[in-house]
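Residue-level structure breakdown
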Amino acid sequence: MKFNHQLIPTIGFILAVILFASFLPGGVFGQGEPSPPIVQNTLSPDAVETTQSSAFTYQGNLEKNSQPVNAACSFQFSLWDALNGGAQQGSTQTQNNVPIQVGIFTVQLDFGNQFTGDARWLETAVQCVGDNGFTTLSPRQSLGSTPYAIGLRPGAVIEGETTPFTGVVTGLTSNPDGVGIYGESTEGFGVWGTGAVGLYGNGNTDGIGVFGTSQNGNGVYASSTSADAVQGVSVNANGVSGSSTTKNGVLGQSSANSNTLGEAAGVKGISNGAYAEGVYGRGWSGVIGEGYTGVQGIGLESYGSDTIGVYGYGSSMGVWGRNESSAAGAIGVYGNIGTVYAGSNSAAVFGYNWGTGSSGIGVWGQQDGTGYGVYGYAPQGGYAVVGETLNGGYAGFFKGNVHVVGTLSKGAGSFKIDHPLDPANKYLYHSFVESPDMMNIYNGNVTTDSEGLATVTMPDWFEALNQEFRYQLTVIGQFAQAIVIDEIAGNQFRIQTDKPLVKVSWQVTGIRHDPFAEVNRIPVEEEKPDDEKGHYLYPEVYGKDVREGVWYATSPNYRESINNPDTTTLESIHGAGK
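Note that this is a predicted model, so its numbers are computed, not measured.

Conventions we followed
- Counting of residues starts from 1 at the beginning of each chain's written sequence and follows it residue by residue.
- Side-chain atom pairs in this predicted model are given and counted only at pLDDT of 80 or more, local residue features only at pLDDT of at least 70, and totals for whole chains, interfaces and linings cover all residues.
- Values shown for side chains rest on all heavy atoms present in the structure; no hydrogens or waters enter the calculation.
- Going along the chain from the N terminus, every DSSP run of H or I of four or more residues is numbered as a helix, and every run of E of two or more is numbered as a strand.
- Working definition: with a 1.4 Å probe on protein chains only, accessible area under 20% of the residue-type maximum means buried, over 50% means exposed, and in between means partly exposed.
- Here the open area of atoms and residues is found with the Shrake-Rupley method and a 1.4 Å probe, where only the protein chains shown may cover a residue.
- Strand pairing is assigned whenever DSSP identifies at least 2 bridges connecting the two strands.
- Every axis corresponds to a line fitted to the C-alpha atoms, with the helix fit spanning only the stretch in contact, and the corresponding angles, defined between N-to-C directions, vary from 0 to 180 degrees.
- Stacked, tilted and edge-to-face are the three classes assigned to paired rings of Phe, Tyr and Trp, where Trp is represented by its six-membered ring and a pair needs centres within 6.5 Å; plane angles under 30 degrees give stacked, over 60 edge-to-face, the rest tilted.
- In this description, contact between two residues means that some pair of their heavy atoms is separated by no more than 4.5 Å.
- What is meant by a nonpolar core is a set of buried Ala, Val, Leu, Ile, Met, Phe, Trp, Tyr and Cys residues, joined one to another through side-chain atoms within 4.5 Å.

Our next topic: the overall build of the protein. Helix and strand counts for the protein stand at five helices and 27 strands. Split into buried and exposed, the 578 residues of the protein put 21% on the buried side. Summed over its atoms, the accessible surface of the protein is roughly 39400 Å², and 50% of this surface lies on carbon and sulfur atoms.

Okay, the sheet that holds strand 25 (residues 482–489) next. Strand order in the open sheet formed by three strands is 23-26-25, with antiparallel pairing between adjacent strands. Edge strands, defined here as strands with exactly one partner in the open sheet, are strand 23 (453–457) and strand 25. Within the sheet, the average angular offset between the axes of one strand and its neighbour, ignoring direction, is 20°. Note: strand 25 against strand 26 (residues 492–497), five bridges, orientation antiparallel. Its bridge partner lying in strand 26, Asp 486 is registered against Arg 494.

Applying the stated criterion across every chain yields a total of 16 aromatic pairs. Between the aromatic rings of Tyr 58 and Phe 77, the centroid separation amounts to 5.2 Å while the plane-to-plane angle is 65°, which identifies the pairing as edge-to-face. Remark: Phe 77 occurs in strand 8 (residues 71–80) and Tyr 58 occurs in strand 6 (residues 56–64); sequence separation between them is 19 residues. We note that Tyr 58, like Phe 77, is buried.

Another aspect to go through is the sheet that holds strand 22 (residues 439–447). The antiparallel open sheet is built from three strands, whose spatial order is 22-27-24. The two strands at the open ends of the sheet, each matched to only one other strand, are strand 22 and strand 24 (466–476). Neighbour-to-neighbour, the strand axes of this sheet turn through a mean angle of 20°, independent of strand direction. In this structure, strand 22 lies alongside strand 27 (residues 503–512), joined through nine bridges in antiparallel fashion. Within strand 27, the position partnered with Gly 444 by the bridge is Trp 506.

As a further point, take the environment of Leu 79. Its location among the elements puts Leu 79 in strand 8. On the basis of relative accessibility, which here comes to 0%, the residue Leu 79 falls in the buried class. Along the primary structure Leu 79 and Thr 92 are separated by 13 residues, whereas in three dimensions their C-alpha atoms are 7.4 Å apart.

To continue, consider the environment of Gly 452. Of note, Gly 452 is situated in the loop between strand 22 and strand 23. Its relative accessible area of 0% is what places Gly 452 among the buried residues. Spatially, the C-alpha atoms of Gly 452 and Val 502 are 7.2 Å apart, while their sequence positions differ by 50 residues. The contacts of Gly 452, once residues within four sequence positions are left out, are Ile 495, Gln 496, Thr 497, Lys 499 and Pro 500.

Let's shift gears to the nonpolar core. In globular proteins that are soluble, nonpolar side chains generally tend to be buried together. With 19 residues, the main nonpolar core has Leu 62, Phe 75, Phe 77 and Phe 105 as its most contacted residues. Broken down by secondary-structure element, the contributors of at least two residues to this core are strand 6, strand 8, strand 9 (88–100), strand 10 (104–109) and strand 11 (121–127). Ranked by residues supplied to this core, first place goes to strand 8 with four residues. Core analysis: the next-biggest nonpolar cluster, separate from the first, contains 13 residues, Val 456, Phe 462, Ile 488 and Val 508 among them.

Given below as structure tokens:
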């Protein structure tokens with residue numbers, strides 16, 4: 001007594017699986033082991049573009065007491081994810097009064113989209129005339145490959161002709177939210193492509209050409225030995241979009257060596273638009289580059305004077321450079337103007353803050369040790385650091401000690417403190433004491449003894465620092481005469497008054513003659529250099545135009561910004577991304 005059944009596909013493949021069963025006395029059915037599947041691949045060239053439903057045809061051969069059944073019976077079919085127990089997939093399919101001729105019956109089954117790559121078992125229950133309810137056949141039957149043609153079972157190999165631009169599998173979508181090719185994997189590769197064009201996806205309108213997502217590994221991985229491993233082309237959306245919750249959204253690696261710029265890049269982005277980005281990164285770290293040159297951006301001059309090599313945008317940090325090397329000369333962010341004929345106002349590194357308040361910072365330098373927060377270096381005699389301000393601001397502001405190794409020149413100078421009598425509401429200024437000499441001033445008070453004599457002792461470094469001494473004496477409290485009877489020798493001098501016990505206020509000045517002063521003696525008068533003649537340090541106080549100033553004459557950057565304020569200021573040059 002046997003029960004035979006077949007699955008006859010209606011979705012482009014012909015795949016037959018022969019199973020056996022027995023109809024036992026009392027209405028109990030028993031099933032035997034399935035025979036090997038018979039597989040034929042009759043995929044036509046147009047099959048990829050044919051939309052298929054999830055229904056398939058199921059055919060069986062029912063016998064009772066070794067005799068084919070010729071009657072109408074009812075069937076219940078259910079789909080399971082295990083041979084025994086497990087969870088039912090989809091709903092139970094009931095077929096009533098199915099005609100059976102010479103044991104052969106045919107039904108249409110549709111469990112929906114339940115064939116996703118995992119194994120499936122079909123459970124069958126039968127009720128014929130005279131039976132007391134449905135009898136479930138055991139064991140369940142493992143389904144072969146036919147239903148998997150609905151979704152192209154993972155691991156299947158598809159072969160077909162290719163055009164010059166499309167591979168074996170082409171993904172197209174015209175839905176704005178559609179996906180041309182979608183691959184998902186929890187550990188391995190969602191979609192794997194290899195060849196001259198490893199994977200090609202085309203998403204029209206706002207669709208995505210290739211979309212890969214992974215919880216662990218790579219969302220999209222492509223490998224090529226001769227051309228682009230991944231090439232993304234989009235009319236209105238992203239050419240290539242990568243997204244990952246734990247690893248890299250897009251990972252590019254290159255082990256090649258090339259002296260040609262950009263030809264050995266792990267990821268290379270090219271944009272032909274006037275304001276389009278070659279590579280655009282967005283996220284906690286928009287773009288991370290690793291290698292000899294982690295990230296290199298090139299803004300070609302052929303696209304205009306305001307092209308950008310690397311542009312970073314973030315709510316916290318636009319560009320973040322980090323270097324964990326302990327080697328000398330390690331650099332977190334490096335900017336370079338790669339020409340000896342740099343244009344006016346060109347900047348290797350430019351920081352701009354568009355905030356109009358007082359809390360923003362254009363460039364911030366910080367060093368947590370005892371090094372330098374900001375360091376400027378001009379070995380050819382230029383200006384290492386330049387600060388300029390308008391409307392009464394500070395060109396330079398220092399909170400803390402300031403040390404100058406060299407000579408300080410200024411137009412004027414003063415101290416500025418809170419007014420001692422009204423510190424909350426007023427300031428007090430005192431001008432510096434100026435001299436044509438490099439002069440030091442010393443003073444004090446002394447009282448002569450009973451013989452009218454007093455000795456004033458200076459510090460032990462006094463004569464090593466000073467020369468050409470000058471003296472002033474003033475008696476206090478009475479009329480008396482005072483003279484210097486012994487000038488400075490051995491870092492001391494003596495005073496004598498014509499009366500005893502006279503208080504004398506004294507002052508001594510000296511001219512520096514230490515090694516630095518001898519080499520860097522400040523000239524009192526000098527001729528202006530040729531490029532500064534006819535110009536003024538402070539043209540405004542002489543009623544002159546700014547173009548008659550020394551700064552205008554000697555600084556090409558300043559001169560260019562004055563002559564072309566609408567096109568060459570730092571704001572206009574670098575403010576295109578505002």
